[in-house]
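These are the residues of each chain, in order.
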Amino acid sequence: MNANARTHRISAPQLLMLLFLSRLFSVLNISPVFGTLYSGMTLLLGTLLSFCLQCAFLFPLWLLSRRYGGKTLIGCAGDAGGEWLKKGAALLFLLMFSVQICGSLSAFSFFMTSIVFPNASSVLILIPFFLTLILCVRWGLESFSRAAAIFFWLFLLSAASICIGAIPSADLLNITPLPTQGAFHNIFSAALGEISKNGELYCLLLLYPSLRTPKKAAHSGFWFLLLTCVFMLVTQTVILSVLSDFGMEQTYPYYALASVVDLSVLQRLDSFHMSLWIVCAFFRSLLYLFLFKKCLGTFVIKKKTRAVLFYSLAVFLFFGSVFLADHPQAVRALNTSTAIVPALLAFVFPLVIFILLKRKEKRNETNSPQKTHGALMGADR
Amino acid sequence: MFESVKGRIDALKTAMTENKPQPQPNEHRLTGSLADDMVTLRAMFSNSSDFLTREITITGVPAAFLMIEGMVNLQTMSEMLLEPLLSHRFPAHAKPQDICDYIENRTILAADTIHVYSCEQVFRMIMSGFVVLLIDNIPYACAYGMQGFSFRSVGEPSAEVNELGSREGFTEPLRINMSMVRRRIKSPSLKFDLFPVGRVSQTDICLIYMTDRVSKSLLRQLKRKLSSISLDVVLTSGYLKPFLSGTPWSLFPDVSTTERPDVLCAKIQEGRVAILIDGTPFALVVPCLFTENFQSLDDYAHSAFYASFVRIIKYVSFFVSILLPGIYVAVSTFHPELLPHALLFNIAAAEETTPFPIGIEALIIHFLYEIMREAGLRLPRPIGHAVSIVGALVIGDAAVTAGLIGAPMVMIVATTAIASFVVPPLYEAISVLRFFFILVGMSMGLYGIILFSLVLFVNVCAKTSFGIPITAPVAPFSLSAMRDTFLRLSFRTLQKKTASIEQLNGVATGTSGKEDTSNTNTDPSNRS
């Protein structure tokens, strides 16, 4: 590894905080369909179970990062199955990131146009947001990871303010108990629902070579999952104990909680929530847009062509987001159809790639004993 | 044994040769003929009125003293140079070389004696206040440091006032500033590197650093940047700043400025490099971190708890000064539900009588404030005070009474203005950002403010100063450096280990004086 390869890297805590902020975008928005199906206790237990299941999803990451720390999953795919598999993997991720970006931006726009600026045009809301994203992507992963590390603490402070402000109205008896029938099925469904929302699991597979210590990627992943789980449990407990099932019927239960809470001279804390929401939406979209650009690099080597292609596709993403923002049914359909993707991209696909790599190594060792897996390792990030 | 002694002698010889200015290939070498050299030199000076020559004869050998009027101490020159030379009885028909040997070996004519070999070097020496002696048939000239120009004496720095610190500030002549630094750090590892900058002005600049603390890559980068400067003149530190800065359009500084020798010493002790420029009392220091703007020398004179309290006040003031007007406009225009009812009614009552929307009102009043500040800044002091009084009366009283602006807005502007003076190094950034935040606050409310804050944060986080992210030690995080960031811990804790600036780039392991792979964030290709 040359000297330059050591630069432009982020630390494990920075990655953890970036992923946490990104993940919370979907955590703060508990789907109303979700709420009507499950009781409060089911939701809490489902969150716990989803944490345990997601830990298992880190296994392929652990294998790949320990053995091929210098390469992303796409790079490994190239080694395992040649250029076509590499491009196929990149295309798969590219499509998934496009869906995630459009989904996130449309959800964000839907929130802003329904709660903060009622009846405002989603185009007007999304234009400054999208321009901001394009500008920040240019500054690179390091810069927004550092910013995420700073905003993480501001986020926790704001979230703690809302929770502390809500404590006087909290009553644990408001949390509805488990139903007498089909409890386990409901808990399991709730857990799977949570996993389907966690796109950050497969982001890790493209980000771990950017870590200063890529071998510890799985550790970062574990701490990310734990932190998210703790945050979710705390917020869900507060929401359920203050608003009970009414909170579950809200489109934005966390917002509903923030708007009934007052702290010191501030009458309502919904603006705090709005700030948190914007911060999370920003980091999530920024992360996905960055990875989208990175995947694009697999197809186009030339810098100028890549930049032109990226900006052109970004315009398409923008219009896609505007379209989805005005058609919530399409978003729902998209979410349902891609629910299985995190499991496939974070668990099945990397495991297959790992097995292929191992087989190839074995074959190489049989053909020429001096060519070991070390020959396959590189610095393709 | 013999080899080692021979090696040392060679090294000494090399060092001595390096100290002598060697003529460059494109320079005019001194011929040894006094008449010819004088013609060349007079042509170089274009017979300028302040170029003085005094031609004398020493035991029949023609010689000449060259100097610039007003830059040489004439009394010292006559006492230490002319009198001993003219009164000494040289043997009859002494050769020119004998006169030279006498000057070099048997007199202490000047502490600072340098041999120069080309007309260009003679020119530079004369311009620096040296007296140059040319002797016929000697192919080099002797330059004697006898500077005697008048300069401002060492006084209290006007731009960096301290309560309990030293009262000494830098002054204009470079050598005096160098001596002030040397007096404070009596260490052999303190090094000064002098070289000229500016094609026409040939301004002397001096790099100051601790050889055992500074990173070699930092020094190399700095020297490369300085040598790439092709300005004609360098008159103040501001001329060099853009060349040292990574991004010219950035709002926050990545090169710090100081007028105080004690501050400079503290910074170079942390592995930074300072640049003194002849003719200006402001030294530049690189790299510069964002958190440095909130530190002052008084923090280390007060007790730890008070210094920490002052630090927190500074950080709060910074955010108040850039965000308060924007948030006030955003909240009162888009999110009034955030405010307590009593406060909301008061604001509404005050704003009801004013003709402008609250955002426009904020913009106008801040613009007026900036005009008055600029007007008062460069005027003579008595007139400056008059401008302040008129401004305060017009804005503070008459405008409110006339119903042009609301009283809460006056309070906001006053609070913002005072808060912006708490962190003087960031004043420029604060003034500009305030307007941006008002604009986004009035057009998009808190959404705009948060969005703009995010862009600003990511931009600041992307910025590096000579490979060190300016947001260090917060991001990348360094626990040891945090002892003196938001809080200032006691000296018992601080003395354990002085953090080197090199350790804050998040990559280097902090070995001073060694090559490091600095975390330069300038190549966008590596980011994606």
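Note: the structure precedes this text.
Computed from a predicted model, the values in this text were never measured in an experiment.

*Asks:* How do you make sense of the sheet that holds strand β5 (residues 141–145) of chain B when you look at a structure like this?
*Replies:* The strands making up a sheet are joined through hydrogen bonds of the backbone, oriented either antiparallel or parallel. All names here are of chain B. Taken together, the five strands give an open sheet; going across it, the order is β1-β2-β4-β5-β3, and neighbouring strands pair in antiparallel fashion. Each end of this open sheet is capped by a strand with a single partner; those strands are β1 (51–58) and β3 (113–116). Sheet twist, expressed as the mean angle between neighbouring strand axes with direction ignored, is 25°. Two strands pair when backbone bridges link them, and strand β2 (residues 61–68) and strand β4 (residues 130–135) are joined in this way by four bridges, in the antiparallel orientation. Paired with Leu66 across the two strands is Val132, which belongs to β4. Where helix α2 (residues 34–44) meets the sheet, it contacts β2 and β4, and its direction lies at approximately 20° from that of β2. Against the sheet, helix α4 (residues 96–105) touches β1, β2, β4 and β5, its axis set at about 150° to β4.

*Asks:* I tried to follow unusual backbone geometry on my own but got confused; where do I start?
*Replies:* Across residues other than glycine, the phi torsion is negative in most instances, and most of the peptide bonds are trans. All names here are of chain B. A cis amide bond links Val286 with the next residue in sequence, Pro287, at an omega value of -10°. Here the bond from Ala472 into Pro473 is cis, since omega is 5°, no more than 30 degrees from zero. Relative to the helices and strands, Pro473 is located in the loop between β12 (468–469) and α16 (491–494). Of note in the backbone geometry, Asn47 takes a positive phi value of approximately 50° without being a glycine. Summarising the element assignment, Asn47 is placed in the loop between α2 and β1. Accessibility expressed as a C-beta count within 10 Å gives 8 for Asn47, which makes it exposed. Of note, Phe466 is a non-glycine position whose phi angle comes to about 50°, a positive value. Looking at the element boundaries, Phe466 is found in the loop between β11 (464–465) and β12. Classification of Phe466 by C-beta neighbours within 10 Å gives buried; the count is 26.

*Asks:* Hey, could you run me through the packing of helix α10 (residues 304–334) of chain B against helix α14 (residues 407–420) of chain B in this one?
*Replies:* Helix-helix packing is described using two parameters, namely the angle between the two axes and the distance between the axes. Residue and element names in this part refer to chain B. The interhelical angle for the contact between α10 and α14, taken along N-to-C directions, is 155°, at an axis separation of 7 Å. Viewed along their axes, α10 and α14 adopt a mutual orientation that is roughly antiparallel. Helix-helix and strand crossings are classified by hand; for α10 and α14 the assignment is left-handed. Facing Ser317, Val320, Ser321, Leu324, Pro325 and Tyr328 of α10, the residues of α14 in contact are Ile412, Thr415, Thr416, Ala419 and Ser420. Its residues placed into classes, the contact of α10 with α14 shows six nonpolar, five polar and no charged.

So, how was this worked out
Residues numbered from 1 in each chain as written. Chains lettered and ligands numbered in written order. Predicted model: local features only at pLDDT ≥ 70, side-chain atom pairs only at ≥ 80, totals over all residues. Pairing = 2+ DSSP bridges. Helix = DSSP H or I, 4+ residues; strand = E, 2+ residues; numbered from the N terminus. Axes fitted to C-alpha atoms, helices over the stretch in contact; angles between N-to-C directions. Contact = placed C-beta atoms within 7 Å. Buried ≥ 20, exposed ≤ 12 C-beta atoms within 10 Å, placed from the backbone. Parallel < 35°, antiparallel > 145°, perpendicular 65-115°, else oblique. Left-handed = near helix turned anticlockwise from the far one by under 90°. Nonpolar A, V, L, I, M, F, W, Y, C, P; charged D, E, K, R; others polar.

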